[in-house]
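Structural overview for review
Residues per chain are reported as follows:
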Amino acid sequence: MAARKEKTFRFVIVGGGIAGVTCVEQLSSQIPSADVALITAGLHIKAVTNYKQVSKTLEEFDVEEQPSSVLAEKFPDLTIIHSAVKSLCTQSHSVETADGRVFGYEKLCICGGGRPKLLNWDSPHVLGIRDTDSAQDLQKKLSRAKRIVVVGNGGIALELVYEVEGCEVIWAVKDKAIGNPFFDAGAAQFLIPSLQVDKPELAAPCKRTRYTTEEPEPGASHTFTADRNARRRGSGPTEAGSALGPDWHEGIVLRGAEQVSRRVSVEYQCEVEKIFTSAELLDSSQQTIGAENGENEGSWPVYIQLTNGKTFGCDFVVSATGVVPNAEPFLHGNNFALADDGGLQVDDHMMTSEPDVYAAGDVCTACWEHSALWQQMRLWTQARQMGWYAGRCMAAHVLAEPIELDFCFELFSHITKFFNYKVVLLGKFNGQGLGPDQELLLRCTKGREYVKVVLSGGRMVGAVLIGETDLEETFENLILNQMDLTPYGEELLNPNIDIEDYFD
Ligand code: FAD
């Protein structure tokens, strides 16, 4: 990086997603005279609005995609630079942007987010959903589609499969049950009937974080079928960059070319063996599932062979197999310690292994010794918490003040919505890392609620609450105070006991 520094800022934050913007806000409010620059690839930023602390660790907020001028108005001393960081030189404390400018920093925070793990980058028939552009691309392609294959079992796949209408969906999941990162097989079983019924005409009151945008420019398998007659709202935005957040599909019509029904077939315990064109299919001896049902071989634009031996023709494949940290632009010439998942390793002060370089959000991997009840998941809430805490640490370090790991990293907690149910996840909700030393208590009312409590040594260490259970605060307290619940046994989930009063 030979070019001269145009300017050196005290703090430079890279990335206008939730982590970066929250970090900027925190720094700018804590040190009003701070010389802060935000460098971001897109024209828009993500802002947290209507933030609400629901309980000690649970939080809810809306996310708005806003022009960056809104942030500039709020913090007049903030400098916003619209360009991607092309390279970083930690030795000279400088970054170079795609438009050839070089900026110095005293302290840097990398909040570059993640990028989708795509199955096959070369095929025009494989889509990944990451940002608003890719969501619009999906919408456009879907409007002409009769069958798609969705690969992946995380939050994005769950939402997509539920939202798509008017198009047959083959859903390939590598696990024994849907939604594996979030649920066990019991919860998956509770949710699966939702794929068989019509979606509500109007969205039910939605408490989750909401994503809003500006007006746009233009093996074993289960099969479920349901007639549909749904109406969707207007369409989505245009700028690229930040990850979409919860409700990314709201405001985007996810409707295929078929007028009749929602049809979802789940292919369990399989991954993608191969993706090929119709010409390649015709050259091979491959038999497709469609051909067995009378379809003309080679009539679909793309074919996907799964490891369970089945081959499906479809209009396109959606790769919803998660994201990888977007650390690449920052690595060359530097000595960052990387975690196994490719994230920039950060310690309990959000510091990377390079001096004066912090990282927050999807790009980083939390490598401090975690509390027994917390784990990192690349979710919106954690991006906000990390950005906020990184800002506090950067400020504390320049002010030479002590700072301790924030309480929000004490207990994993997440509120979201899947298949129109409120979902609350607490602590080791799937018994993560507990091995055989765990006991589960379950309460389930079909179509209404699913409550799972994870106990270890008689103490509550995690919970999954689906539906309007109203149990989150009490369970959060029981997890945090680690009270011995052995005397209560199964009474803990007795629906006739007001548990809130009980432990008051
Ligand atoms: P991002 O929001 O990705 O922001 C990264 C920023 O860095 C962007 O502004 C980008 O332009 C900028 N940038 C990247 N590279 C550079 C560079 N070289 N130079 C300058 N700027 C750069 N989470 C939930 O909690 N609930 C959900 O329901 C949910 N649904 C999701 C659905 C989808 C489709 C996706 C993709 C993600 C979803 N997530 C969800 C995850 C959530 O959106 C992310 O965890 C969160 O947005 C991460 O925030 P971030 O600030 O770290 O990164």
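On a predicted model such as this, the values are computed, not experimentally measured, just so you know.

Rules and cut-offs
Residues numbered from 1 in each chain as written. Predicted model: local features only at pLDDT ≥ 70, side-chain atom pairs only at ≥ 80, totals over all residues. Heavy atoms only, no water. Helix = DSSP H or I, 4+ residues; strand = E, 2+ residues; numbered from the N terminus. Areas by Shrake-Rupley, 256 points an atom, 1.4 Å probe, with all protein chains shown as cover. Pairing = 2+ DSSP bridges. Axes fitted to C-alpha atoms, helices over the stretch in contact; angles between N-to-C directions. Contact = heavy atoms within 4.5 Å. Salt bridge = Lys/Arg side-chain N within 4 Å of Asp/Glu carboxyl O. Buried < 20%, exposed > 50% of the residue type's maximum accessible area, 1.4 Å probe, protein only. Polar contact = N/O pair within 3.5 Å; in protein donor to acceptor, adjacent residues only side chain to side chain. Left-handed = near helix turned anticlockwise from the far one by under 90°. Nonpolar A, V, L, I, M, F, W, Y, C, P; charged D, E, K, R; others polar. Core = buried A, V, L, I, M, F, W, Y, C linked by side-chain atoms within 4.5 Å. Domains from an automatic or database assignment. Buried area = accessible area lost by both parts, 1.4 Å probe. Phe/Tyr/Trp six-rings, centres within 6.5 Å; stacked < 30°, edge-to-face > 60°. Lys NZ or Arg CZ within 6 Å of the ring centre and 35° of its normal.

This next bit is on the overall build of the protein chain. The helix and strand inventory of the protein chain stands at ten helices and 28 strands. Looking at the protein chain as shown, the accessible area adds up to about 21300 Å², and 48% of this sits on carbon and sulfur atoms.

Time to look at the sheet that holds strand S28 (residues 459-466). Sheet architecture is open: five strands sit in the order S24-S25-S28-S27-S26, paired in antiparallel fashion. In the strand order of this sheet, the two ends are held by strand S24 (413-418) and strand S26 (439-445), each with one partner. Within this sheet the neighbouring strands show an average axis-to-axis angle of 15°, counted without direction. In the packing of helix H9 (residues 472-481) onto the sheet, contacts are made with strand S25 (421-427), strand S27 (449-456) and S28, and the angle to S28 comes to roughly 160°.

Another point: the pattern of salt bridges. Pairing between side chains of opposite charge can happen when the charged atoms of each approach one another. If you walk through the whole model with that rule in mind, you get 18 salt bridges. With a shortest N-O distance of 3.5 Å, Arg-101 and Asp-99 are connected by a salt bridge. Given the relative accessible area of 43%, Asp-99 is considered partly exposed. Each member of the salt-bridge network shares a partner with another, and the members are Glu-6, Asp-99 and Arg-101.

On to the side chain of Thr-97, then. Within the secondary structure, Thr-97 sits in strand S7 (residues 94-97). Polar contacts involving the side chain of Thr-97 include one to the side chain of Asp-99, which spans 2.5 Å. Those residues in contact with Thr-97 that lie beyond four places of it in its chain are Ile-39, Ser-83, Ala-84, Val-85, Lys-86 and Phe-103.

The interhelical angle for the contact between helix H1 (residues 18-30) and helix H8 (residues 380-398), taken along N-to-C directions, is 35°, at an axis separation of 7 Å. In this structure, the crossing between H1 and H8 has a hand that is right-handed. Contacts between H1 and H8 involve Ile-18, Ala-19, Thr-22, Cys-23, Gln-26, Leu-27 and Gln-30 on the former and, on the latter, Trp-380, Ala-383, Arg-384, Gly-387, Trp-388, Ala-390, Gly-391, Arg-392, Met-394 and Ala-395. In the contact of H1 with H8, the residues fall into ten nonpolar, five polar and two charged.

Of all seven residues in S25, seven are buried; the element is thus mostly enclosed. Taken together, the six bridges between S24 and S25 define a ladder with antiparallel strand orientation. Bridge pairing in S25 places Ile-415 opposite Val-424. Here five bridges tie S25 to S28, and the two strands are oriented antiparallel to one another. The residue of S28 that forms the bridge with Leu-425 is Val-464.

A word on the nonpolar core. By size, the foremost hydrophobic cluster in this structure holds 110 residues, and its most contacted members are Ile-13, Ile-110, Ile-148, Trp-171, Phe-183, Met-350 and Ile-466. Of the residues forming this core, the biggest block, nine residues, is contributed by H8. Setting aside residues no more than four positions away along its own chain, Ile-148 makes contact with Leu-142, Val-164, Cys-167, Glu-168, Val-169, Ile-170, Cys-314, Phe-316 and Val-318. In this structure, Leu-373, Leu-426, Val-453 and Leu-478 belong to the second largest nonpolar core, which totals 24 residues.

Right, let's get into the domain arrangement of the protein chain. Entries for the protein chain in the domain assignment read domain 1 (7-113 + 326-409), domain 2 (116-231 + 244-319) and domain 3 (428-502). For domain 1 and domain 3, the distance between their C-alpha centres works out to 35 Å. Contact between domain 1 and domain 3 buries roughly 840 Å² in total, counting both sides, with carbon and sulfur atoms accounting for 59%. By the criterion of area lost to domain 3, the three top residues of domain 1 are Lys-56, Leu-373 and Gln-375, representing 54% of everything that side buries. Where domain 1 packs against domain 3, one counts zero salt bridges. The interface formed by domain 1 and domain 3 includes five residue pairs in polar contact (both at pLDDT 80 or more). In terms of residue class, the side of domain 1 that touches domain 3 is made up of seven nonpolar, three polar and one charged.

Here we come to the packing of aromatic side chains. Throughout the structure, instances matching the rule amount to 15 aromatic pairs. Note on Tyr-51 and Phe-61: the rings are 6.2 Å apart at their centroids and 25° apart in plane angle, and the pair reads as stacked. Highlighted residues: Tyr-51 in strand S3 (residues 44-53) and Phe-61 in strand S4 (residues 59-67), separated in sequence by ten residues. Taken together, a centroid distance of 5.4 Å and an interplanar angle of 85° make the contact between Trp-374 and Phe-409 edge-to-face. Taken together, the positions of Trp-374 in the loop between strand S23 (364-366) and H8 and Phe-409 in the loop between H8 and S24 put the pair 35 residues apart, joining distant regions of the chain. Given the relative accessible area of 0%, Phe-409 is considered buried. Among the aromatic residues, those joined into a cluster by ring pairs are Trp-368, Trp-374, Tyr-389 and Phe-409. Its guanidinium or amino end placed over the ring of Phe-276, Lys-274 lies 4.9 Å from that ring's centre, counting from NZ or CZ.

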